[in-house]
Amino acid sequence: MDGAVVRNRIRRLRFDHDEMTQEELGRLAGCTRQTIISLEQGKYVPSLELAFRIARVFDTTIEDVFEFDG
Amino acid sequence: MAPLQRRALISLVLGLVWTAVLVVLFVTRGGIEGFMNDTPTRVLLSVLFVALLTSVAFLGVPWKARSGRGVDVDERDLEILRRAPRVQLTAMMLTLAAWVIGLTEYYWDQGSIPIMWPYLMMMTTILVSTLAQSLGVLIGYRRS
């Protein structure tokens with residue numbers, strides 16, 4: 001599993017959704033702004049549940065938000 | 001800064017300052033001899049020790065986190081909190097090892113150690129454990 005990375009397009013998707021703030025995304029997805037920051041920086045990989053909730057906020061699929069680069 | 005991170009930082013700073021006060025009082029009031037023979041000194045240090053633990057626990061990382069589920073504390077915070085005991089355990093083991101090796105070597109010739117040392121061992125181990133939990137949380141935030 002070494003070297004496997006989960007990338008995401010959260011920053012891009014926020015921008016595409018009327019420049020949604022990190023605070024707002026956190027509120028809608030049920031997590032803190034700091035977690036959104038950490039996700040966007042690629043420091044934190046969310047649970048499946050949070051990943052689904054974020055995808056739901058953007059009204060898209062989980063594969064459209066997250067990409068497994070293993 | 002996440003709410004849990006802020007609380008951990010406050011707990012750590014408060015704990016370190018209070019610990020420094022305890023050490024200064026211990027040293028200026030005669031060290032182990034004062035602690036053994038002077039009841040007011042022992043009571044004062046014990047009361048300050050309990051007050052420190054109570055205040056850090058009140059600010060405390062786990063209690064607040066568990067009461068604040070929702071946007072205030074999320075899965076990342078809880079994961080960091082779950083990993084903090086690794087730092088806590090390491091710090092406690094090192095503290096105990098330092099105490100045991102230090103006291104054993106120092107009192108080797110006497111064949112026994114003064115009765116008050118185990119009491120201080122307990123106090124410092126609990127203190128280190130409390131501070132190390134806050135440190136573990138802060139390290140967790142730095143890494144994720």
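Computed from a prediction, not measured in an experiment: that's the story for all the values here.

Undergrad: Hey, could you run me through the interface of chain B and chain A in this one?
TA: Interface size is commonly expressed as the accessible area that is lost once the parts come together. Contacts between the two partners involve 6 residues from chain B, matched on the other side by 12 residues from chain A. Class assignment of the residues belonging to the side of chain B that touches chain A gives a composition of 2 nonpolar, 1 polar and 3 charged.

Undergrad: Sorry, what's going on with the confidence of the model for chain B here?
TA: The predicted structure's coordinates, where accompanied by low pLDDT, should not be read in detail. All names here are of chain B. Per-residue pLDDT for chain B averages 87, and the proportion of residues at 70 or more is 92%. When pLDDT is averaged over each element of chain B, helix H5 (residues 75–106) comes out on top at 94 and helix H4 (residues 61–67) at the bottom at 49. Long-range and interchain partners of residues 63–70, a stretch whose pLDDT sits below 50, account for 8 contacts in this model, where long-range means more than four residues apart. For this predicted complex, the interface confidence reaches an ipTM of 0.82, while the overall pTM sits at 0.80.

Undergrad: Looking at this structure, I do not really get the nonpolar core. What am I missing?
TA: Nonpolar side chains in soluble globular proteins generally cluster together in the buried interior. Formed by 14 residues in total, the largest nonpolar core has its most connected members in Leu4, Ala8, Leu12, Leu131, Leu135, Val137 and Leu138 of chain B. Among the secondary structure elements, those contributing two or more residues to this core are helix H1 (3–28), H5 and helix H6 (116–143) of chain B. At 6 residues, H6 of chain B tops the list of elements feeding residues into this core. Cys31, Ile36, Val57 and Val65 of chain A belong to the second largest nonpolar core, which has 12 residues in total.

Undergrad: How should I be thinking about helix H3 (residues 33–40) of chain A in this particular structure?
TA: Spacing of three or four residues puts side chains on the same side of an α-helix, whose turn is 3.6 residues. Turning to H3 of chain A, its buried residues are Gln34, Thr35, Ile36 and Leu39 of chain A. Against strand E1 (5–8), helix H1 (10–16) and helix H2 (22–29) of chain A together with H5 of chain B lie the buried residues of H3 of chain A. Note on H3 of chain A: the residue one or two positions beyond its end, Gly42 of chain A, has a positive phi of about 75°.

Definitions and cut-offs
- Residues numbered from 1 in each chain as written.
- Chains lettered and ligands numbered in written order.
- Predicted model: local features only at pLDDT ≥ 70, side-chain atom pairs only at ≥ 80, totals over all residues.
- Contact = placed C-beta atoms within 7 Å.
- Nonpolar A, V, L, I, M, F, W, Y, C, P; charged D, E, K, R; others polar.
- pLDDT = per-residue confidence, 0-100.
- Helix = DSSP H or I, 4+ residues; strand = E, 2+ residues; numbered from the N terminus.
- Core = buried A, V, L, I, M, F, W, Y, C linked by C-beta atoms within 7 Å.
- Buried ≥ 20, exposed ≤ 12 C-beta atoms within 10 Å, placed from the backbone.

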